[in-house]
Amino acid sequence: MAASDRMALGPLVGSIDQGTSSTRFLVFNAKTAELLSHHQVEIRQEFPKEGWVEQDPKEILKSVYECVEKTCEKLQQLNIDITNIKAIGVSNQRETTVVWDKTTGEPLYNAIVWLDLRTQSTVERLLKKIPGRNKTFFKSKTGLPLSTYFSAVKLRWLLDNVEELRGAVADGRAVFGTIDSWLIWSLTGGKNGGIHCTDVTNASRTMLFNIHSLEWDPELCQFFDIPMEILPKIRSSSEIYGLMKICPSLKSGALTGVPISGCLGDQSAALVGQMCFQDGQAKNTYGTGCFLLCNTGQKCVFSEHGLLTTIAYQLGRDKPVSYALEGSVAIAGAVVRWLRDNLGIVKTSQEVEKLAAEAGSSYGCYFVPAFSGLYAPYWEPSARGIICGLTQFTNKKHLAFAALEAVCFQTREILDAMNKDCGIPLSQLQVDGGMTTNKILMQLQADILCIPVVKPSMPETTALGAAMAAGAAEGVGVWSLNPGDLTAVTCERFEPQINPEESEFRYARWKKAVERSMGWETAEAPTNG
């Protein structure tokens, strides 16, 4: 594209994509949905004790500023006028819990990440208050089972265990939010008038939100003993929440006064970015975890097979809410990071694909990465990771292959559950997320599902979804979501290449391995430290 064309791009929309393993800022052309530039920073995860996963909220915020700054520099090098950025969307890792002091802007504890397991004893204690210890007791209101995964139990743990935080709540200084709330509050002024809000998709992952009334539920707040005054205001996924304020971290003063007008939990954002606006359309995102969402339209569908009911999106204050069924897998890309950082058998994530290609098969080795217990469809917190079927022949190449296969088997389990709940089996799977650049993984996925896997050529669908919501917001209006105006996406297809019998045999062996991973951990185990 010539420089003169670049100058006349028309309106642009920025997107903050704050994930579990990295932060990105991306800028899209609002008319063509073309990705113009982006910058990415990896985020540190801290594991202070076994099963604990934390992140520093200030590091997360700093990474956002760094990504914005670097992306704006890249745009200027491309001769693109950054004053054409008319709106900013936010997409975020869901459930991760932050409590901060609104008078100082300082976090009162590290962010407790969605994968964290420290709340297992909190869950056990809460279950005792429920008739028949039924973990699906609140499902009709929340769409969720009682689990370590959701924000309410993390917040309960913080209130029970962090004295400084309890004091700040008593003094009326503490506020709670998921990562979207922390970022929007900080970016719109922080302690100087920052907007404390969340959107319906993120609220629906807290276990404090009623998915029918679309409000915080007093009964749920009472059950978890959460003071309602610390909760953010609930907004739609597409409206102007506030304007970007000048930040000392942004040398250029870039984006000051630009509205933040889109907010979606990352999996909802990917559903929008994949343009799954019709009832029955689905996508699977391969990130730190793996998340299959199927749009169920304006009706709330409850699963009989271990899936969650969640809010898909609400694209405007006066627009109806769309719901989704979700299959959530805790460990997908995280297994590759584990092979890299914990075992050291690869130096980069890309090497896993190379090793797996050299192996060509796992030769009977199965890897169940239940590092945080098992999520959908089992919801079995007592499970732990296992590698089985090892022989003297097994080497690191087979382990790499088994790790990729594990991601595919877990997807097959949630897809099977989805097909049973929906009654109409998916004829192909739309995929996105960081891991989809791995061609071995995509081919394996088609082979294990026995249906084609379809990947858009622009894999950043999460960021695209948040940009669409921001650009389409009332008062911004630079991005049309009318079906006729949406850009057709070019895709790559992966067709199944093995016979279904072999696929079924391997899947049956996987199921056997999953059974062996269960019932490993008990909450009562003595701890050292």
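Residues numbered from 1 in each chain as written. Predicted model: local features only at pLDDT ≥ 70, side-chain atom pairs only at ≥ 80, totals over all residues. Heavy atoms only, no water.

Turning next to the overall build of the protein chain. Across its full length, the protein chain carries 16 helices and 23 strands. Taken over C-alpha atoms, the radius of gyration comes to 22 Å for the protein chain, in line with the 24 Å a tight globule of 529 residues would show. In terms of principal-axis extent, the alpha carbons of the protein chain reach across some 60 × 60 × 45 Å. Counting the 529 residues in the protein chain, one finds 61% classified as buried. If you take every contact in the protein chain between residues at least 6 apart in sequence, the share linking residues at least 24 apart comes to 72%. The average position of the 51 basic charges and that of the 57 acidic charges among the side chains of the protein chain differ by 2 Å. (Helix = DSSP H or I, 4+ residues; strand = E, 2+ residues; numbered from the N terminus. Rg over C-alpha atoms; globule rule 2.2 N^0.38 Å. Buried < 20%, exposed > 50% of the residue type's maximum accessible area, 1.4 Å probe, protein only. Contact = heavy atoms within 4.5 Å. Lys, Arg positive; Asp, Glu negative; His and termini not counted. Charge placed at Lys NZ, Arg CZ, Asp CG, Glu CD.)

This part covers the pattern of salt bridges. This structure, assessed with the given rule, holds 36 salt bridges. Measuring nitrogen to oxygen at the nearest pair gives 3.6 Å for the salt bridge that ties Asp266 to Arg94. Pair noted here: Asp266 is in helix H10 (residues 266–273) and Arg94 is in the loop between strand E5 (85–92) and strand E6 (97–101), with a separation of 172 residues, a long-range link. Owing to a relative accessible area of 12%, Asp266 belongs among the buried residues under this scheme. Residue Arg94 is classed as buried on the basis of its relative accessible area of 4%. (Salt bridge = Lys/Arg side-chain N within 4 Å of Asp/Glu carboxyl O.)

A few words on the sheet that holds strand E23 (residues 491–494). Within the open sheet, the seven strands sit side by side as E17-E18-E16-E15-E21-E22-E23. Their pairing is mixed. Each of the sheet's edge strands pairs with one partner strand only, and the pair in question is strand E17 (308–313) and E23. Between one strand axis and the next, the sheet turns through 30° on average, direction left out of account. Across seven bridges, strand E16 (residues 290–297) lies against strand E18 (residues 322–329) in antiparallel orientation. The residue bridging Cys294 from the neighbouring strand is Leu325, located in E18. (Pairing = 2+ DSSP bridges. Axes fitted to C-alpha atoms, helices over the stretch in contact; angles between N-to-C directions.)

Mapped onto the fold, Thr23 is located in strand E2 (residues 22–29). By relative accessible area, which is 0% here, Thr23 ends up buried. Reaching out from Thr23, the side chain makes a polar contact with the side chain of Gln18 at a distance of 3.0 Å. Not counting the four nearest positions on each side in its chain, Thr23 is found in contact with Asp17, Gln18, His39, Gln40, Val41, Ile43, Ile60, Ser63, Val64 and Cys67. (Polar contact = N/O pair within 3.5 Å; in protein donor to acceptor, adjacent residues only side chain to side chain.)

Neither face of strand E22 (residues 453–456) is left uncovered, since the one carrying Val453 and Lys455 and the one carrying Val454 and Pro456 both have all their residues buried. Bridge count between strand E21 (residues 429–432) and E22: two bridges; the pairing is parallel. Within E22, the position partnered with Leu429 by the bridge is Val453.

Let's shift gears to empty space enclosed by the protein. By the definition in use, this model includes one cavity of 30 Å³ or more. One number sums up the size of the largest cavity: a volume of about 90 Å³. Every residue lining the largest cavity is counted, 13 residues in all, and those nearest its centre are Val329, Ala330, Leu374, Tyr375 and Gln410. At the level of elements, E18 and helix H13 (396–422) are the ones that each hand at least two residues to the lining of the largest cavity. (1 Å grid on protein atoms, 1.4 Å probe; cavity = no way out; pocket = protein on both sides within 12 Å on 5 of 7 lines; lining within 4 Å. Points joined across faces, edges and corners; volume = space filled by probe spheres on them.)

Within this structure's numbering, the places UniProt gives as "domain: Carbohydrate kinase FGGY C-terminal" (unreviewed entry) are residues 283–473. Across residues 283–473 one finds 37% helix and 21% strand; the C-alpha atoms that close the span lie 24 Å apart. (UniProt positions renumbered as here; feature names shortened; annotations may be inferred.)

Per-residue confidence for the protein chain averages 90 on the pLDDT scale, and 95% of its residues sit at or above 70. Low pLDDT, under 50, characterises residues 1–6; the predicted model gives this stretch nine contacts beyond four residues in sequence or across chains. (pLDDT = per-residue confidence, 0-100.)

Looking now at helix H2 (residues 57–77). Turn by turn, an α-helix covers 3.6 residues, leaving residues three or four places apart pointing in a common direction. Compared with the 30 Å implied by 1.5 Å per residue over 21 residues, the 31 Å span of H2 between its first and last C-alpha is a close match. Of the positions making up H2, those classed as buried are Pro57, Ile60, Leu61, Ser63, Val64, Tyr65, Cys67, Val68, Glu69, Thr71, Cys72 and Leu75. Put simply, Asp56 is the residue that caps the front of H2, since its side-chain oxygen is 2.9 Å from the backbone nitrogen of Lys58. In the stretch just after H2, Asn79 is the one whose phi turns positive, near 65°. (Expected span 1.5 Å × (residues − 1).)

So, on to the sheet that holds strand E1 (residues 12–18). Across the sheet, which stays open at both edges, the six strands sit in the order E3-E2-E1-E5-E14-E13 with mixed pairing between neighbours. Looking at strand neighbours, the two that pair on one side only are strand E3 (35–42) and strand E13 (238–243), the edges of this open sheet. Ignoring strand direction, the axes of neighbouring strands in this sheet form an average angle of 25°. The sheet strands contacting helix H7 (residues 179–187) are E1, E5, E13 and strand E14 (259–265), and the helix crosses E5 at an angle near 145°.

Before going further, it helps to spend a moment on the environment of Asp279. You can see Asp279 is positioned in the loop between H10 and strand E15 (282–286). Placed 20 residues apart in sequence, Asp279 and Lys299 show a C-alpha to C-alpha distance of 9.3 Å. Not counting residues within four places of it along the chain, the set of residues in contact with Asp279 comprises Asn295, Thr296, Gly297 and Lys299. Looking at Asp279, its side chain comes within polar contact range of the side chain of Lys299, at 2.8 Å.

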